[in-house]
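# A closer look at the structure
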Amino acid sequence: MLNGERIRAKGFFQYKDEARQWLKDEKARLKKEAKKPSSADEHRSLYELCQVYLTDCETRYGAKTVDEKRFCLERFYKSVGDMAVTDVTPPMVLDFVNERSKTQSANAANKDRKNLRAFYSWVQAVYGIMYDPTAPIKKKPHEKQARRLIPIQDILKVMLAAKGQDRVLIGSYWHTGVRKSEVLRWTWADDINFEERWVRLGTRKNRSGEMSYGKLWMNEDLYKLLKWQWDHRHPTSPYVFCHMNPKSKFYGRSYGERRKTINSLCDEATVDRFGYHDIRHSKGEFKKGPTDPSTPSSNTTEIYVEGNYTDTKDAIRLLEQSNLEKIS
């Protein structure tokens, strides 16, 4: 029986082992036959499969990742024109990637290559079309730009210039060192625990693209900041950080961006402008210095271990303002 259907062998077997081997081979053959793409699948257009792929991505990835994939595939479609997905050739992909490298950068070209490879990998898995014109295309060599490190004093000046919710937001980035989206999607019910003193962090930075969670211990400063935020929270919104202007149509909704806010705060504090990701890098470098080598590093991937958040207490305590003032 295979998938509810009885399969009959032609002839007889002298031994049971022969019958078992035939059954095993027959199942493997039928499984392989089922994976073979139909001629209709092989002639599906590039445009059609791109649309199906992006729709599937919307259910598995965040908006930023989907936008990056869409931007790449739209430009690729304009570059090669409307054709069957199997008519795309490696030279077409190479021309597209090389043009991106000339007009933008090697890093941008590598991103396009990565997104095209992901698309054809999906085509293989879903439609069984075992064709990949991106396989021969090699990555472009490129030099990584040095990370910008912000003086601790500048970060403190901006935190002190900020008021209310903005100070809590910037302080949350400094005390956790996580990505912008990880803080902006915090909810009171799921991500903040004052009794056990931890915050929950979620990331899709993994191969599956699924959201995975971990916990990070609150130091004293972060605890006080979030307590203040709790006392002044929106009356009904589940989000820790949300639009607080009752006249705004976004009242109660979570933030998508706060770039203008941090820019204006940098100007007010009379320091060079920096972004939330710059805080992440600078915090990481600071933790590498005064901490003992045995202390967990600032790598958030290492911190994302369920039930292991208390191991980072000593490192996180170093980021409290009272300790920063001693070394600044």
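Up top is the structure.
Given the structure is predicted, the values throughout are model-derived calculations rather than measurements.

Okay, the sheet that holds strand β1 (residues 192–193) next. Strands belonging to one sheet form pairs held by backbone hydrogen bonds; the direction of such a pair is parallel or antiparallel. In spatial order, the strands read β1-β2-β3; together these 3 strands make up an open sheet with antiparallel pairing. Here the strands that pair on one side only, and so sit at the sheet edges, are β1 and β3 (212–217). Where strand β2 (residues 198–203) and β3 come together, 6 bridges link them in antiparallel fashion. Opposite G202, over in β3, you have Y213 as the bridge partner.

Moving on to unusual backbone geometry. In most cases, non-glycine residues show a negative phi, while peptide bonds are predominantly trans. Phi at R197 takes a positive value of approximately 60 degrees, unusual for a residue other than glycine. Along the polypeptide, R197 turns up in the loop between β1 and β2. Take R197: its relative accessible area is 22%, and that puts it in the partly exposed class.

Each disulfide consists of one covalent bond between the sulfur atoms belonging to two cysteines. Under the definition given, this model contains 0 disulfides. No disulfide involves C72; its nearest neighbouring cysteine sulfur is the one of C50, lying 8.8 Å away.

Looking now at the nonpolar core. Within the largest apolar cluster, 39 residues are counted, with the highest numbers of intra-cluster contacts made by W186, I192, V199, L226 and F274. Counting residues per element, the ones that place at least two in this core are α7 (152–161), α8 (165–176), α9 (180–184), β2, α11 (220–231), α12 (259–268) and α13 (276–288). Looking at this core element by element, the count peaks at 6 residues for α7. Listed in part, the 26 residues of the second largest apolar core include L46, L54, F96 and F119.

Quick look at the packing of aromatic side chains now. All told, the structure shown has 12 aromatic pairs when counted by the stated rule. Ring centres 6.3 Å apart and planes at 25 degrees place the aromatic pair W186 and F241 in the stacked group. Pair noted here: W186 is in the loop between α9 and α10 (188–191) and F241 is in the loop between α11 and α12, with a separation of 55 residues, a long-range link. Seen from their ring centres, W188 and F194 are 6.3 Å apart, and the 35 degrees between their planes marks the pair as tilted. Exposure remark for W188: the relative accessible area of 10% places this residue in the buried category. The class of F194 is buried, set by a relative accessible area of 17%. Pairwise contacts between aromatic rings join Y53, F119, Y120, W122, Y127 and Y131 into one cluster. Above the face of the F71 ring, R75 is positioned so that its terminal group lies 4.2 Å from the ring centre. Between R200 and the ring centre of Y213, over which it is positioned, the NZ or CZ distance is 3.7 Å.

Here we take up the side chain of Q165. With respect to the helices and strands, the residue Q165 is situated in helix α8. Taking the relative accessible area as the measure of exposure, Q165 reaches 13% and is therefore buried.

Note on placement: R148 falls in the loop between α6 (106–127) and α7. The spatial distance from the C-alpha of R148 to the C-alpha of S282 is 7.6 Å, given a sequence separation of 134 residues.

The terminal C-alpha atoms of helix α4 (residues 63–80) lie 26 Å apart, and with 18 residues this matches the ideal 26 Å at 1.5 Å per residue to within 8%. Every buried residue of α4 is accounted for by V66, K69, C72, L73, R75, F76 and V80. Where α4 is buried, its residues touch α3 (46–58), α5 (90–103) and α6. Remark: G81 follows α4 within two positions and exhibits a positive phi of approximately 85 degrees.

Before going further, it helps to spend a moment on the pairing of β2. Of all the 6 residues making up β2, 5 are buried; the element is thus mostly covered by neighbouring parts of the structure. Direction of pairing for β1 relative to β2: antiparallel, over a ladder of 2 bridges. Its bridge partner lying in β2, I192 is registered against V199. Between β1 and the antiparallel strand that follows it, β2, lie 4 residues; R197 among them carries a positive phi value of about 60 degrees.

Note that R273 resides in the loop between α12 and α13. Considered as a pair, R273 and D154 are 119 residues apart in the sequence and their alpha carbons are 9.5 Å apart. Non-local contacts of R273, meaning those with residues more than four positions away in its chain, are made with R148, N263, C266 and D267. Within the local environment of R273, its side chain forms a polar contact with the side chain of D267, the two groups lying 2.7 Å apart.

Calculation criteria
Residues numbered from 1 in each chain as written. Predicted model: local features only at pLDDT ≥ 70, side-chain atom pairs only at ≥ 80, totals over all residues. Heavy atoms only, no water. Pairing = 2+ DSSP bridges. Helix = DSSP H or I, 4+ residues; strand = E, 2+ residues; numbered from the N terminus. Buried < 20%, exposed > 50% of the residue type's maximum accessible area, 1.4 Å probe, protein only. Disulfide = S-S within 2.5 Å. Core = buried A, V, L, I, M, F, W, Y, C linked by side-chain atoms within 4.5 Å. Phe/Tyr/Trp six-rings, centres within 6.5 Å; stacked < 30°, edge-to-face > 60°. Lys NZ or Arg CZ within 6 Å of the ring centre and 35° of its normal. Expected span 1.5 Å × (residues − 1). Contact = heavy atoms within 4.5 Å. Polar contact = N/O pair within 3.5 Å; in protein donor to acceptor, adjacent residues only side chain to side chain.

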